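# Structural overview
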Amino acid sequence: MSVTVKFFASVREALGASSEVLSLPAGVATVGALRDHLAARGEVWQQALAHPALRMACNQVMCDAATAVPDGAEVAFFPPVTGG
C-alpha cells in the first residue's frame, strides 16, 4: 500500500522535507500507526511528530489517530497553528 505523506510548518522545517511517497509495511493501517512508524526513524522524527496537539488529516479531512489510511491516500501532519 502506498501513501503520500505531507509535512507542514514547523514539522516540515524540523524534518527538512515537505512530502514523500511511502510504501506502508503490514500493520500500518491507521494515521496513528503511520505517525508511530515515521517516529521510529529516529530522534528528529520523534520530536517533530510527538507534539501532543499535532494535527493530522487524511485526504484533506481533519482526522484522529484511529482513522484508517486507504491505499493511495494523502496524509498530512502539521502543528496546531500554521502561518500563512
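From a predicted model like this one, the values you see are computed outputs, not experimental measurements.

### Some thoughts on the overall build of the chain
Looking only at helices and strands, one finds three helices and five strands in the chain. Counting from the amino terminus, helix and strand elements in the chain follow one another as β-α-β-α-α-β-β-β. For the chain, whose C-alpha radius of gyration is 12 Å, the value lies close to the compact-globule estimate of 12 Å for 84 residues. Its C-alpha atoms put the chain at 30 × 25 × 20 Å along the principal axes. Looking at the 84 residues of the chain, the share that counts as buried comes to 37%. Long-range contacts, defined as pairs at least 24 residues apart, comprise 50% of the intrachain contacts of the chain with a sequence gap of at least 6. As displayed, the chain offers around 4600 Å² of accessible surface, 52% of which is attributable to carbon and sulfur atoms.

### Details of the sheet that holds strand S5 (residues 74–78)
Ordered in space as S2-S1-S5-S3-S4, the five strands form an open sheet in which the pairing is mixed. Edge strands, defined here as strands with exactly one partner in the open sheet, are strand S2 (19–23) and strand S4 (61–63). Averaged over all pairs of adjacent strands, the angle between their axes in this sheet comes to 30°, without regard to strand direction.

About the cut-offs
- Residues numbered from 1 in each chain as written.
- Predicted model: local features only at pLDDT ≥ 70, side-chain atom pairs only at ≥ 80, totals over all residues.
- Heavy atoms only, no water.
- Helix = DSSP H or I, 4+ residues; strand = E, 2+ residues; numbered from the N terminus.
- Rg over C-alpha atoms; globule rule 2.2 N^0.38 Å.
- Buried < 20%, exposed > 50% of the residue type's maximum accessible area, 1.4 Å probe, protein only.
- Contact = heavy atoms within 4.5 Å.
- Areas by Shrake-Rupley, 256 points an atom, 1.4 Å probe, with all protein chains shown as cover.
- Pairing = 2+ DSSP bridges.
- Axes fitted to C-alpha atoms, helices over the stretch in contact; angles between N-to-C directions.

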